[in-house]
Amino acid sequence: MLSLLDAIGNTGFAIFFREANTVWGYPTVLVAHAYGMILLVSVSVVIILRTLGYASGVPLAALRKYVPIMWVGLGVNALSGVILFSLDGRTFATMPAIWIKLAAIAVAVVCTRRLIAGLNKPAAQATEGKGLAYTALVAWVIGTTAGRVTAYDGMIQRQTAVAVVLLAVVVVAVVAFGSQRAPAGEAGRRG
Amino acid sequence: MESVLRYILRWPSVERLIIAYAWFWPLLEVMHFVGIVLLVGIVGMFDLRLMGFAKEIPISSLRRLLPWAVFGSVLTFTSGLLFVTGVYANVEIHAYIILMNNTYLQLKLLFLGILGLNLAAFYVTGVSREVDELGVGQDTPTMAKVIGGVSLFFWLATVYVGRLIVWGKFTEGLTP
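Worth saying up front: this structure is predicted, and the values here are computed from it rather than measured. Within any chain, residue numbers begin from 1 and follow the written order of that chain's sequence. Chain A is the first chain written and ligand 1 is the first ligand written, with later ones labelled in order. Thresholds applied to this predicted model are a pLDDT of at least 70 for local features of residues and 80 or more for the giving and counting of side-chain atom pairs; totals over whole chains, interfaces and linings are not thresholded and use all residues. Think of the side-chain values as coming from all heavy atoms in the structure, minus any hydrogens and water.

Re the packing of aromatic side chains
The description of an aromatic ring pair rests on the distance of the ring centres and on the angle between the ring planes. The rule is short: rings of Phe, Tyr and Trp, with Trp giving its six-membered ring, pair when the centres are within 6.5 Å, and they are stacked under 30 degrees, edge-to-face over 60, tilted in between. With the rule as written, the count across this model stands at 15 aromatic pairs over all chains. Note on Y26(A) and W167(B): the rings are 5.8 Å apart at their centroids and 85 degrees apart in plane angle, and the pair reads as edge-to-face. One end of the pair, Y26(A), is in helix 3 (residues 26–51); the other, W167(B), is in the segment after helix 10 (142–164), on a second chain. Given the relative accessible area of 27%, Y26(A) is considered partly exposed. Considering the side-chain rings of F46(B) and F122(B), the 6.2 Å spacing of their centres and the 85 degrees angle between planes classify their relative orientation as edge-to-face. Here F46(B) is found in helix 3 (residues 24–50), whereas its partner F122(B) is found in helix 8 (residues 103–124), with 76 residues between them in sequence. For the residue pair F46(B) and F122(B), the accessibility class agrees, reading buried in each case. Taken together, the ring pairs in this structure connect F13(A), F16(A) and F17(A) into an aromatic cluster. A helix here means a DSSP run of H or I that spans at least four residues, while a strand means a run of E at least two residues long, and both kinds are numbered starting from the N terminus. Only protein chains enter the accessibility calculation, which uses a 1.4 Å probe; a residue is then buried when its area is under 20% of its type maximum, exposed when over 50%, and partly exposed in between.

In structure tokens form, the structure reads like this:
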């Protein structure tokens, strides 16, 4: 399997994207990967935030209009991701961070799909929606972090993951503290 | 001018953090990416509505999402500032030299300037108040469409040139 990945990495296609001294090779694939991430994750995050009670004035059904944008983002990233993977298949295939990233994306996408399916359902099922929303949100943070650290070696990957968790805990604590102390008007606007 | 820029663009304390802790730079990168998703994604959805997409959503309700875009901008601006002021630790070239020579970084700052002016125009020209009064299904005025279009285009252009900074001049040694 690894030798097959090596063979793919030695095709002219892979060599062009990896080594050609032009912004139209590897850099452009990375730009596409960033665009895909923005399309996919941000629309998903808005659906998550709406499920959690933020911007409740936004009609849920109307958010459906943005859903195709999300799937375009997933498509762009599947394609650009396969290209990026193929350039150095052996390194990536043996790197846990990549598999953690892909698993996190799978979890986030499945949760988001279930949230979308529930967009028109009555508010009685909101509790299940919140669980899905928090799961998807955590999965997106894990996916983004694991994806970014693939550029580093294992030790730095683990240290960065710990740093992200600690920072996230601080941010969540500040947000939770802030919304508890917010006056009724503020909380009402949020909820 | 040069000596002022040279002084304010290099922060030895940030450089020491980057050298002492290998995880500090990648942590900033993760912050930058999470911030981009919140900032560009939510502003982009707002821009699309200004341009006439998803008219079923009242703009005044979409505005409630903007604090999350502000949170995203805090993440990107903080991490971005630390990238610039600490870059010497990674490339051993003064941020001033990179700023004066790296076309991608220069374009990014230019685009951010245009976005700032565009945002000011949104509020100063009264378009912001005008679109707030629009209800479900109502189309936006031409000026709102122009401002939304300019914003969307230049945010995507900012991401594009921003991603390419590591392939510009004097940034060899930075992780792509």
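The rest of the description comes next.
Topic: a nonpolar patch on the surface
A surface patch of nonpolar side chains, amounting to about 320 Å² of accessible area, comprises M1(A), L4(A) and I8(A). By the secondary structure assignment, M1(A) is in the segment before helix 1 (2–9). For patch building, the residue pool is restricted to those with more than 30% relative accessible area and no salt bridge; the joining distance is 9 Å between like charges and 5 Å between nonpolar side chains (Val, Leu, Ile, Met, Phe, Trp, Tyr). Surface accessibility in these figures is a Shrake-Rupley result with a 1.4 Å probe; residues are shielded only by whichever protein chains are displayed. The rule for a salt bridge is simple: a side-chain nitrogen of Lys or Arg has to be within 4 Å of a carboxyl oxygen of Asp or Glu.

Describing the pattern of salt bridges
A side chain with one charge can pair with a side chain of the opposite charge if their charged atoms come near. All names here are of chain B. Throughout the structure, instances matching the rule amount to eight salt bridges over all chains. We note a salt bridge from D139 to K145, for which the minimum N-O separation is 3.0 Å. Here K145 falls in the partly exposed class, since its relative accessible area comes to 27%.

Focus on the confidence of the model for chain A
All names here are of chain A. The quantity known as pLDDT measures the predictor's confidence residue by residue, on a range of 0 to 100. Per-residue confidence for chain A gives a mean pLDDT of 90; residues scoring 70 or more make up 91%. Across chain A, the element-wise mean pLDDT spans from 45 in helix 10 (residues 184–190) up to 97 in helix 5 (residues 67–87). Should any heavy atoms of two residues lie within 4.5 Å, those residues are counted as being in contact. This stretch, residues 184–191, has a pLDDT under 50; its non-local contacts, to residues over four places away or in other chains, come to seven contacts.

With respect to unusual backbone geometry
All names here are of chain B. Positive phi, normally seen in glycine, also occurs at E92, with a value near 55 degrees. Within the secondary structure, E92 sits in the loop between helix 6 (88–91) and helix 7 (95–101). By relative accessible area, E92 is classed as exposed at 63%. Phi is positive for F170, which is not a glycine, with a value near 65 degrees. The residue F170 is located in the segment after helix 10 in this model.

Notes on the interface of chain B and chain A
Facing 40 residues of chain B, the contacting portion of chain A comprises 40 residues. Accessible area, probed at 1.4 Å, shrinks when two parts are joined; the buried area is that loss added up over both. Carbon and sulfur atoms make up 81% of the surface buried where chain B meets chain A, a total of about 3800 Å² over both sides. Contact with chain A buries area across many residues of chain B, yet V37(B), M45(B) and Y160(B) alone supply 16% of it, more than any other trio. If you look at where chain B meets chain A, you find two salt bridges. R148(A) is paired through a salt bridge with E29(B); the nearest N and O atoms lie 2.9 Å apart. We call two N or O atoms a polar contact when they sit within 3.5 Å, provided that within protein one can donate a hydrogen and the other can accept it, with sequence-adjacent residues counted only if both atoms are side-chain atoms. The tally of links between chain B and chain A comes to five residue pairs in polar contact (both at pLDDT 80 or more). Elements with a minimum of two residues in the side of chain B that touches chain A: helix 3, helix 4 (59–62), helix 5 (66–86) and helix 10 of chain B. For the side of chain B that touches chain A, the element with the most residues is helix 3 of chain B, which contributes 17 residues. Here the side of chain B that touches chain A is built from residues that sort into 32 nonpolar, three polar and five charged. Under the grouping applied here, Gly and all other residues not named as nonpolar or charged are polar, the nonpolar ones being Ala, Val, Leu, Ile, Met, Phe, Trp, Tyr, Cys and Pro and the charged ones Asp, Glu, Lys and Arg.

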